[in-house]
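# An overview of the molecular structure
Listed below are the residues making up each chain.
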There are 2 protein chains.
Amino acid sequence: MKEQLIRETPAKVYLVLFSLSLLLNIFFFYQQFFSQSHHLSPRLGSTVSDLSWTRHAAEEAEAVAAISCSSHGRAYVDGVLDNGQPACECNTCYTGIDCSVLLSNCSADVEGGDPLFLEPYWMQQAAKSAVVLSGWHRMSYATTDRFKSLELEKNIRRLHAAVGNAITDGKHLVFGTGSTQLLNALVYALSPENASSPSSVVATIPYYSMYKEQTELFNGRDYEWEGATAKWRNSNKTNFIEFVTSPNNPDCLLCDSVLGGSSVIYDHAYYWPHFTAIPKPADGDVMIFTVSKLSGHAGSRFGWAFIKDENVYNKVSNYLQYNSMGASRETQSRLLNYVKVISDEIGSNADIFEFGFNKLRKRWQRLQALVNSSSRFSLQQLSTQYCTYFKKIRDPSPAYAWLKCENEEDTDCAEVLMKGGIISRGGTNFGASTRYTRLSLLKTDDHFEMLLQKLKPLVACSDENSSEMISSF
Amino acid sequence: MKEQLIRETPAKVYLVLFSLSLLLNIFFFYQQFFSQSHHLSPRLGSTVSDLSWTRHAAEEAEAVAAISCSSHGRAYVDGVLDNGQPACECNTCYTGIDCSVLLSNCSADVEGGDPLFLEPYWMQQAAKSAVVLSGWHRMSYATTDRFKSLELEKNIRRLHAAVGNAITDGKHLVFGTGSTQLLNALVYALSPENASSPSSVVATIPYYSMYKEQTELFNGRDYEWEGATAKWRNSNKTNFIEFVTSPNNPDCLLCDSVLGGSSVIYDHAYYWPHFTAIPKPADGDVMIFTVSKLSGHAGSRFGWAFIKDENVYNKVSNYLQYNSMGASRETQSRLLNYVKVISDEIGSNADIFEFGFNKLRKRWQRLQALVNSSSRFSLQQLSTQYCTYFKKIRDPSPAYAWLKCENEEDTDCAEVLMKGGIISRGGTNFGASTRYTRLSLLKTDDHFEMLLQKLKPLVACSDENSSEMISSF
C-alpha cells in the first residue's frame, strides 16, 4: 500500500514538498543561530534584541533566587559562599542548609524594627521590581540634580500626592543615607550658629531613642540633648528643637508638638497607610520619611525630608555634602523603581498599603486577643479611625506593640519577657518606665508566630483560669 | 535539462530528503517554541532555565545602554525621561539629543575629582560587571555581618593583598558612605571624651579641603580644626589628630606624618597603581580607602577604613551606626562584584590598574609637554619610581596637576585660568597660595582634551617665541 502510494505520487510533488520544507529549514536555521530574536519590552514599549551583557548576571540572580530555603529564609547573590554557591540565610530560630530545621529553645526576637513583613510583597512583584545596573551606571558624583535623582524626587512627590499623607508643594526635598542621617542634619540646621546658648533638643516620652543617642554622640557645640518635653512645658526657655514622631515609635499614636515652638522636626517614618489611618495630609515645615517603613527596604539606607525654609534647606544640604556627599546613586536608582511600582499599583490588587495593612491588622488582632485574655499584660489603646487613603473607617495596624506589665511584681517587663524567651526593647530605651517594653510587629511571619508561641504561656501564667481560653490561639 | 533531472531522480530519494527535512523542521519548531533552552552560566558554573522575572529589567537596561550618545555622553535607566525614554546625559561642552554638538565658548571644567577616566574600562567589562538585584534583595538592616557584607570584606582584604598596597592583617575593617563619612567618624573616635581641651585636627599644606570644612561644620565639643601642621612643629601641644594624605591631594606626592603623634589618619584614597608607584604596602594604624578612586564609582558613596586599635574601631562603628546605620546594602552588593572583577583581572589584559595607569600617564605626559613649552606655568615635580605592583620603574600618572602661575602679575592662578576658559580649584582651598591651582586629570577624555585646548593659548601667551612649538600639541 505504502509502496503503491510512493509510486503513484509524482516525483514533482515530493520535490515541491522537499523544497518548501528546505526553505523552512533555512528559516529555522537562521532563527536559531543568526537571528538576534526580538522581544517586546513592556517597560520600554519597544523591541530590543536578545540579551547580551546582562544575561549572565540575570541568570545568576534567577538561579540564586531559586535556591530553596523552605520559606524560612532566602539566598542572596552576595551571600556568604558555601562551595561556591550563596547559602540560605535563615530567619531567626531556623537552621539547616534549607532553613527547614526549627531550633528548640530559641527566643522570639522582636526587638528591632526590621520591616520584613513586606518581603513577600516584593517576591510577588518579582518582574516589576528587578533592577539591572551596568558597570558604568552613575559613576560620577553628580546625578541628574547634583547628588539627587530628579526622577526619584518627582516620583516621591507623586507618591505623597497619591497617598495623601503629606503636602509637599513649595517645600524643598533632601535625600539622606536613611532618615537616621537626616535627624542630626536637621538638628544641626535648626541650631542657630554662635547663639549665646546651644539649642535644646527634646522629645516626648515615650520617644525613639535615636534622637537622644545621636544628639549626645555627635555632641555639636550648637545643640544639646535636654530630654523630655514634659520637663519644659512651663519654662521660659525658647530655643527648642522638638522631635515629634507621628505615628509615634513605640506606641503608634498620632502626635503633635507639645512645646509648640518654631523648630519642630516631624518624623513621619510611619505615616503610611500600612501603619495608621491617614486623617489628613501632614503639613509640617520639616517632615522626615524613610523608605525603610514605606517599601520595607531598610538595608538600602535611604530617607528624605521636606523642608519649607530655604535657609534650613541650604544648611541641611551642606551638612549632607560634608557628611557623605549624598545617598548612594545606585540605591536611588533601585528605589526609583520601587516608588514607581508602589504608585502604579495604588488601588490595584497589588497595592502595597493594602498588603501591609492587612498583614499588620491581622497580627495586631491576634496579639490583642491573646494579651486581653488575661490581666498580666496590657497594650496601648488604639481605635478605629477614618482613613482618607482607604476611604473608610479602618482598624488599627500598628508597627509596634507597647506592652505594659500589669502585675505588681513584674517591674521590669523586658526582663519578664526575656525569661519567657522573647527579646523586646525595654521601656527605658524610650525614656519610659521599665514596666513597658516594645514588641516589633514588623518582622517576618516566623518572628511573629514565635512571639505568639512564647507569649502564650506568659499570658497564661497570670491566671490559671484563662489557660483554656488561651489554648485556642 | 531540469525536467529531465526530476524525472530521472526516483521519487523515493525525494521522499527521503523530504522526510529528513521534515524531521529537522520538527526539531527546530520544538526548539523555537517549546524548549526552555538551557544556557551555561559561567559565573555559577551551572545551567539555569531561560530568564523569567529578570528579563524585562535586563532588556530595559540593554536598550538604554544601546542609546547612542556619540561617545560624548551616556543614557541611564534612571535618567530624566524624554518622551518616556531616558535621554542622553552629555559630557560638559557637548549637547544635542545624541551629544554630538560641541558647544562653542564652553569652559573646560577640571575642578572636581570625578573619576570618569575609568568609565570606558567598565564599558569594556560589560558582561562581568552587570548587576541584577531582586526586589527583595537585602531588605533587612542586617546583612551577613550586621551592617557589613562579609564577602565584600573578604574580597577587599584579598584585593589589598594582591595589589600589595596595604597590610590589613590584624586590623578591623569598617565601611562608610564614602570615605567622606569616615573622616569625621575617625576624628570623633580618636578624640578622647571629656578631655581638658579638645583634640587639634591638623593637616599639611597643601591639604584636601574636606578635612577642615568637615571638622568645622560638625563642630563637635571634643575636637577642633587647628590648621596647618607647620604651625605646630615646635609646639608643646600633644593631642593632635593629623590627616596624612598619601599620595597627596592636590600634589600627588607620597607623604608621611609631620608631627609624628600617635593619632594619624592616613587617607590612602589614591594609593593604587593607577595614580602612583606602590613602593611598599602601607601599614598605618588608621588607613582610609575609597571605591571612588579604586574602581571609579564615586556615585556609589562607599569607602572603608582599616583600624588597628579595638577601642577606636568600636567608637567608629558606633558613630557609623548612629550616623547612617552603615552603607547601603545594594551598594555593597554591587561593589562586591567590581572588587572581584578587579582582583580576578590582575595581570590580565583587562587589568584596571594597567588601564588607569596608561590613561593617566599619557595625560600627564601631554600636559607636562604643553606646560613645559613655556615658562608661564609650572607643575609639581614627579619622578619615575619603582613600583612593586608593576614590578618595574614606572612613570608618574598623577590624579591631579598642581599648577603654579610663574608670571609675577598672575597672582591668582585659578582666576587666570578661568579667564582662559578653564575651571580649576584654586590654591586657597588647599590652604595654599593663590599662585597655585589644581587641575583634575581624572575626568573623561572630553574634559581632558578641552583642558589642553584651552590651556594652549594661555601657555603661548607668556612667550611669543614658543607659539610655534606649542602648535604641535
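Residues numbered from 1 in each chain as written. Chains lettered and ligands numbered in written order. Predicted model: local features only at pLDDT ≥ 70, side-chain atom pairs only at ≥ 80, totals over all residues. Heavy atoms only, no water.

### Structural notes on the interface of chain A and chain B
On the side of chain B, 119 residues touch chain A, which itself brings 120 residues to the contact. Across the interface of chain A and chain B, roughly 11300 Å² is buried in total on both sides, 60% from carbon and sulfur atoms. Ranking the residues of chain A by area buried against chain B places Trp 136, Met 139 and Arg 221 of chain A at the top, with a combined share of 8%. Joining chain A to chain B, the criterion identifies ten salt bridges. Where Asp 50 of chain A meets Arg 55 of chain B, a salt bridge forms, and the shortest distance between an N and an O atom there is 3.5 Å. Among the elements that make up the side of chain A that touches chain B, the one with the highest residue count is helix α2 (residues 11–33) of chain A (15 residues). Looking at the side of chain A that touches chain B residue by residue, the class counts come to 56 nonpolar, 41 polar and 23 charged. In this sheet, strand β10 (residues 131–133) of chain B lies alongside strand β10 (residues 131–133) of chain A in antiparallel orientation, the contact comprising three bridges. Each bridged residue has a counterpart across the sheet, and for Val 131 of chain A the counterpart in β10 of chain B is Leu 133 of chain B. (Contact = heavy atoms within 4.5 Å. Buried area = accessible area lost by both parts, 1.4 Å probe. Salt bridge = Lys/Arg side-chain N within 4 Å of Asp/Glu carboxyl O. Helix = DSSP H or I, 4+ residues; strand = E, 2+ residues; numbered from the N terminus. Nonpolar A, V, L, I, M, F, W, Y, C, P; charged D, E, K, R; others polar. Pairing = 2+ DSSP bridges.)

### Structural notes on the domain arrangement of chain A
Under the domain assignment, chain A is made up of domain 1 (56–106), domain 2 (150–344) and domain 3 (352–470). Relative placement of domain 1 of chain A and domain 2 of chain A: their C-alpha centres are 35 Å apart. (Domains from an automatic or database assignment.)

### With respect to the state of the cysteines
Residue and element names in this part refer to chain A. A complete count under the given rule lists eight disulfides over all chains for this structure. The residue that forms a disulfide with Cys 69 is Cys 88, at a sulfur-sulfur distance of 2.0 Å. Handedness of the Cys 69-Cys 88 disulfide follows from its S-S torsion of about -90 degrees: it is left-handed. Residue Cys 69 is found in the loop between α3 (55–65) and β3 (73–74), and its partner Cys 88 is found in the loop between β5 (85–86) and β6 (89–90); the two are separated by 19 residues along the sequence. Each member of the pair, Cys 69 as well as Cys 88, is classed as buried. (Disulfide = S-S within 2.5 Å. Buried < 20%, exposed > 50% of the residue type's maximum accessible area, 1.4 Å probe, protein only.)

### Structural notes on the relation of the copies chain A and chain B
Note on the identical chains: chain A maps onto chain B by a rotation of 180 degrees and an axial translation of 0.4 Å, with an RMSD of 1.0 Å. On this basis, the relationship between the two copies can be described by a two-fold rotation axis. Here 99% of the contact residues of chain A are again contact residues in chain B; the copies associate through an equivalent surface. (Least-squares fit on C-alpha atoms with pLDDT ≥ 70 in both.)

### So, helix α14 (residues 445–461) of chain A
All names here are of chain A. Helix length check: α14, at 17 residues, gives a terminal C-alpha distance of 25 Å against a target of 24 Å (1.5 Å per residue), a fit within 8%. The principal kink in α14, of about 30 degrees, is found at Leu 455, preceding the proline Pro 457 by one to four residues. For α14, the full list of buried residues reads Asp 446, His 447, Phe 448, Met 450, Leu 451, Leu 452, Lys 454, Leu 455, Leu 458, Val 459 and Ala 460. (Expected span 1.5 Å × (residues − 1). Bend = angle between axes of the 7 residues up to and from the residue.)

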